[in-house]
Amino acid sequence: MKRGSITVASYLAIALAIVAPITLAILVAYERGLESAFDRAARYAQDALTRSETIADQTFGAFAELGADKQIAPCSEANIQKMRTFVLARRYLKTVGSMAGNWLVCSSLGEDMGGLYLGPPDIVLPTGLQVRKDVRLPFAGEETFQVFARGGFVAIVDLEQAVDVTVASGDVSIVAFVPSVGLPMAAVGSIRPEWFERSRDQGNGFFIDSDHVVAFSSSDRFDLGTIAAFPTVHLRDEVIATAWLAIPLGFFGASLLAYAVFQLAKTQVSLPSVIKAALRNKEFHLEYQPIVDLSDRKWVGAEVLLRWQRADGEIMRPETFISVAEETGLIRRITARVIELVEKDAGTLFAANPEFRLSINLSASDLQDECTPGLLSRLVKSTKAGPSNFVVEATERSFADPDIASKVYRELREAGIRIAIDDFGTGYSSLSSLEKFDLDFLKIDKTFIDTIGTDAATGHVIPHIVEIAKSLNLIMIAEGVETEPQLEFLRGLGVQYAQGWLFGKPMGVDELQRRMGVAPS
Ligand code: G
Ligand code: G
Ligand code: MN
């Protein structure tokens, strides 16, 4: 990624870090609000249904009780007494009685109530139940009642009690109705006719109808259903109530995230200037990891590894800064510094061991930089070493575009410096592009060495890599060898050199010097 796009990306990331948690908080608040509004409406509908079912139980219970003994005359003193005790114990029943035609003949209120004309039923339900709605009784003033009759008996109830449930606000509408005929029996508030349609034959449920939260319940014992509804303004209130909690949490999450992204972006953006300061302050040094000959374990060379120790003691690994250095062109100065540092160490190394080989890592852009061969030629001259004392390591990626790499490559060749393909097998280069170059070494990547002796899928790759190396006439160096069995396996395949913790970790030049003297031969 280029510097500019990193900055844009980090602004986007910060914006996202702020917007995402808050949006999430609002969504959560809405979900919660909706849930609690539906819960509330469902509770009202269920409450009304329970009451309605009790009323139905008491009504049908009365019919069964009064008609139980066919021997007793319906309006006998004994039966009227029975009616009285029955009503007394039934909360929703006002009166029960006996009917003839549309006349109430007698009732629990006494014989004197006989001869009250109730009028024809408003509707007769499929079950044979006659329903008279809003009936006035002479002694009850303005109050209206519902009259149910079947088989010559009548139950007079106050159905308003069914929908008289405790509610949290004055604008709740509740209706108890007969689903089979869509007949409302008792209601508070206003009910839209289409709600009956939507709630019929569906058990329990809820929906939002433009500006109302609606819940419905239906009885599985009676032809009875209830609907409760209230305006969605309450939903908004619930959402706002939840949002008061969720949004601050969202803000908190947002600021944490934004801070983290900002810090990350800052180190990314400021890394180039920190690298420049590190170059000025000489914070870079080198370590050397021995490369051994597998036939006798002799230390024949070393890979030069760059280390950056910051003022606070923190060691920065090349992975963290090489790519940024490449993007910003700072790699040129870093490579120049590496060569400068090698120049200082090389003299003593070669004096003790003239055949010793130093491998210097070059990045892909070093291989496109026309100054690189010059830098290396000067190194060869100033160390009074031969060109074969130096190897440059470049990844497969560096050779991916033969046209770009070839000029620097040719000059290095001409100077007699040898070239290794680093991390072989992990890049994307095609073999045909590698074939265009005449190279010297192939470094088998540690990921393949790790699979030796395991049954990982990539475990069978090494023999193929060895084939490729042999066909391209390349000397092999295995990287990251940690165990004797790995060493034996590689030696068996004809791999000539290796590098790894089995022989030595990266170390300072003094330690390298000292241990070279005592290395096994
Ligand atoms: O040992 P270390 O973890 O530092 O190696 C990590 C990677 O960094 C290796 O792939 C190595 O090739 C790369 N590297 C180490 N030193 C240098 C250097 O001086 N220049 C470049 N371009 N890459 C290096
Ligand atoms: O340039 P290259 O990609 O080969 O870098 C080698 C890296 O591998 C360095 O970071 C070095 O410290 C690391 N390394 C070298 N030998 C071993 C080893 O035997 N085991 C492990 N775990 N790492 C190693
Ligand atoms: Mn390397």
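Residues numbered from 1 in each chain as written. Chains lettered and ligands numbered in written order. Predicted model: local features only at pLDDT ≥ 70, side-chain atom pairs only at ≥ 80, totals over all residues. Heavy atoms only, no water.

Caption draft 1: Looking closely at the packing of aromatic side chains. Counted by the stated rule, this structure contains 13 aromatic pairs. Arranged with centres 5.8 Å apart and planes meeting at 50°, the rings of Phe 284 and Phe 321 form a pair that is tilted. A residue pair is termed long-range when its members are at least 10 positions apart, and Phe 284 in strand 13 (residues 284-293) and Phe 321 in helix 5 (residues 318-328) qualify at 37 residues. Judged by relative accessible area, which is 6%, Phe 284 ranks as buried. We classify Phe 321 as buried; its relative accessible area is 0%. Here Phe 350 and Phe 390 contribute two aromatic rings whose centre-to-centre distance is 5.6 Å and whose plane-to-plane angle is 90°, an arrangement assigned as edge-to-face. Of this pair, Phe 350 sits in helix 6 (residues 331-352) while Phe 390 sits in strand 17 (residues 390-395), and the two are 40 residues apart along the sequence. (Phe/Tyr/Trp six-rings, centres within 6.5 Å; stacked < 30°, edge-to-face > 60°. Helix = DSSP H or I, 4+ residues; strand = E, 2+ residues; numbered from the N terminus. Buried < 20%, exposed > 50% of the residue type's maximum accessible area, 1.4 Å probe, protein only.)

Caption draft 2: A look at the site of ligand 1. Near ligand 1, the surroundings consist of Leu 305, Leu 306, Arg 307, Arg 317, Pro 318, Glu 319, Ile 322, Val 338, Asn 361, Leu 362, Ser 363 and Asp 422. Note that an oxygen atom of ligand 1 is positioned 2.5 Å from one of the side-chain N or O atoms of Arg 307. A distance of 2.4 Å is found between an oxygen atom of ligand 1 and a side-chain nitrogen or oxygen belonging to Arg 317. When ligand 1 sits alone it has 500 Å² of accessible area, and the protein chains cover 82% of it. Elements that contribute at least two residues to the shell around ligand 1 include exactly strand 14 (299-309) and helix 5. Taken together, the residues of the shell around ligand 1 sort by class into six nonpolar, two polar and four charged. (Near = heavy atom within 4 Å. Polar contact = N/O pair within 3.5 Å; in protein donor to acceptor, adjacent residues only side chain to side chain. Areas by Shrake-Rupley, 256 points an atom, 1.4 Å probe, with all protein chains shown as cover. Nonpolar A, V, L, I, M, F, W, Y, C, P; charged D, E, K, R; others polar.)

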